[in-house]
Amino acid sequence: EFRRVLFRSLCWLLAQAYFQQGRFREAQETVERIGTDPALSATERARMLHFAAQVRLTRGVTDLAAEESAAAELIASPDPVINSYGLLWLSGVRWIQGRMADTLEIVDRAAVGFGAREAQADWDVPQPMYRGFVLVELDRDEEAAQSFEGGLHQAERHGSFYVSWYHLGMARLRFLDGRWDDAIAEVRAAQEMVDTLGKPRRGDATRGLLNQAAIIAIHRGDRSVVSEVAAAPPARIGIAFYDYLGPWAQALA
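Figured I'd write up the structure that's included with this text. (Residues numbered from 1 in each chain as written. Predicted model: local features only at pLDDT ≥ 70, side-chain atom pairs only at ≥ 80, totals over all residues. Heavy atoms only, no water.)

1. Comments concerning the overall build of the protein
- Each helix and strand in the protein was counted, giving 13 helices and zero strands.
- Secondary structure elements of the protein, listed N to C terminal, follow the sequence α-α-α-α-α-α-α-α-α-α-α-α-α.
- Radius of gyration (C-alpha) of the protein: 19 Å, near the 18 Å computed for a compact globule of 253 residues.
- Along the three orthogonal principal directions, the C-alpha set of the protein runs to about 65 × 35 × 35 Å.
- Across the 253 residues in the protein, those meeting the buried criterion constitute 47%.
- When contacts within the protein are restricted to residue pairs at least 6 apart in sequence, long-range pairs at least 24 apart make up 64% of them.
- Of the accessible surface of the protein, which amounts to about 12,600 Å², a share of 54% is contributed by carbon and sulfur atoms.
- Counting 28 positive and 34 negative side-chain charges, the protein places the averaged centre of each group 5 Å from the other. (Helix = DSSP H or I, 4+ residues; strand = E, 2+ residues; numbered from the N terminus. Rg over C-alpha atoms; globule rule 2.2 N^0.38 Å. Buried < 20%, exposed > 50% of the residue type's maximum accessible area, 1.4 Å probe, protein only. Contact = heavy atoms within 4.5 Å. Areas by Shrake-Rupley, 256 points an atom, 1.4 Å probe, with all protein chains shown as cover. Lys, Arg positive; Asp, Glu negative; His and termini not counted. Charge placed at Lys NZ, Arg CZ, Asp CG, Glu CD.)

Right, here's the structure in full:
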């Protein structure tokens, strides 16, 4: 029994390590392999299921009807922690659907169940980031800034795959409220981050950050950026929510 518990613990850490490296498929396969262990407690199983869903949604593997149905099973639990895992899972579905007011309400309900728990090395669930991006869409800028700043502080203290996403959130916010120098400062802060493995990670927000900087430069009349963006191949449209910034920059150019 001790060996089985140790194996599950090591697999969980391995899945987290894969995720932090941007190796999403391996992270998903690892956590799904241990998630079927009948010896898992109900809370452990909920954590595994939620993490697998978090990876799928980050990858863009989105059978939203199936995701919502599975999340509903956890939400039905009377246990507040299991319920909160289900709510976070559902919030990802609502975000992809563009239902921002619903997303905010669900994220806040999940936060009540989890309490004051912060992001940790083995629990990288960026509730403040989700909340910040939703608040930007709802034009609640002051609250969005508070969410991004608080979440970034936690992420820098504990380490997080989503650090560059927090900076992109602040850059987007500062662009929209006209504080363009501050937006560029956020882009530069993200670029100065050093990956501990010494190589870029798939799924970080670098592409979005660069496109946001290009949009600002084009608005400011930087002809070199206009020429560079206009001459580039068609902007990539992938699964990342910020991919629309590439076509936006090209359209302006």
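2. Brief notes about the nonpolar core
- In terms of nonpolar packing, the biggest core is built from 57 residues, with Phe19, Val31, Phe51, Met129, Phe148, Tyr162 and Tyr166 touching the most fellow members.
- Sort the elements by how many residues they give to this core and helix α9 (residues 163–176) lands first, with eight residues.
- By size, the runner-up hydrophobic cluster in this structure holds 15 residues, among which are Ala53, Leu74, Leu87 and Phe114. (Core = buried A, V, L, I, M, F, W, Y, C linked by side-chain atoms within 4.5 Å.)

3. A look at the pattern of salt bridges
- In total, this model carries 13 salt bridges according to the counting rule given.
- Of the charged contacts, one joins Arg8 and Asp37 as a salt bridge, the two residues approaching to 3.2 Å between their closest N and O atoms. Residue Arg8 is located in helix α1 (residues 2–20), and its partner Asp37 is located in the loop between α2 (24–34) and α3 (42–59); the two are separated by 29 residues in the primary sequence.
- The closest approach of N and O atoms between Arg207 and Asp243, which form a salt bridge, is 2.5 Å. Taken as a pair, Arg207 in helix α11 (residues 206–219) and Asp243 in the loop between α12 (223–231) and α13 (245–252) lie far apart in primary sequence, 36 residues in all.
- Judged by its relative accessible area of 28%, Arg207 is partly exposed.
- Taking the relative accessible area as the measure of exposure, Asp243 reaches 3% and is therefore buried.
- Salt bridges sharing common partners tie together Glu32, Arg56 and Glu67. (Salt bridge = Lys/Arg side-chain N within 4 Å of Asp/Glu carboxyl O.)

4. A look at helix α10 (residues 180–191)
- With 12 residues, α10 extends 17 Å from end C-alpha to end C-alpha; this agrees with the ideal 16 Å at 1.5 Å per step.
- Taken as a whole, α10 has its buried residues at Ala183, Ile184, Glu186, Val187 and Ala190. Projected down its long axis, α10 shows its buried positions confined to an angular sector of 155 degrees, all on one face. In α10, the exposed positions angled more than 90 degrees off the buried face are occupied by Asp181 and Arg188.
- Among the structural elements, α9 and α11 are those in contact with the buried residues of α10. (Expected span 1.5 Å × (residues − 1). Arc of directions from axis to C-beta.)

5. Details of unusual backbone geometry
- Within the chain, Asp139 stands out as a residue other than glycine whose phi angle is a positive 60 degrees.
- Looking at the secondary structure, you find Asp139 in the loop between α7 (127–137) and α8 (141–158).

6. Brief notes about α1
- For α1, built from 19 residues, the straight-helix expectation of 27 Å at 1.5 Å per residue is met to within 8% by its first-to-last C-alpha distance of 27 Å.
- Among all positions of α1, only Arg8, Cys11, Trp12, Ala15, Gln16, Tyr18, Phe19 and Gln20 are buried.
- For α1, the secondary structure elements touched by its buried residues are α2 and α3.
- A positive backbone phi angle near 80 degrees is found at Gly22, which sits one or two residues after α1.

7. Digging into a nonpolar patch on the surface
- On the surface, Phe2, Leu6, Leu10 and Leu13 cluster together to form a nonpolar patch covering roughly 430 Å² of accessible area.
- Within the secondary structure, Leu13 sits in helix α1.
- Its relative accessible area of 47% is what places Leu13 among the partly exposed residues. (Patch = residues over 30% accessible without salt bridge, like charges linked within 9 Å, V, L, I, M, F, W, Y side chains within 5 Å.)

8. Looking at the side chain of Arg174
- Tracing the backbone shows Arg174 in helix α9.
- Not counting residues up to four positions away in its chain, the partners in contact with Arg174 are Ala145, Glu149, Arg179, Trp180, Asp182 and Ala183.

By themselves, these observations are geometric and do not establish any function.
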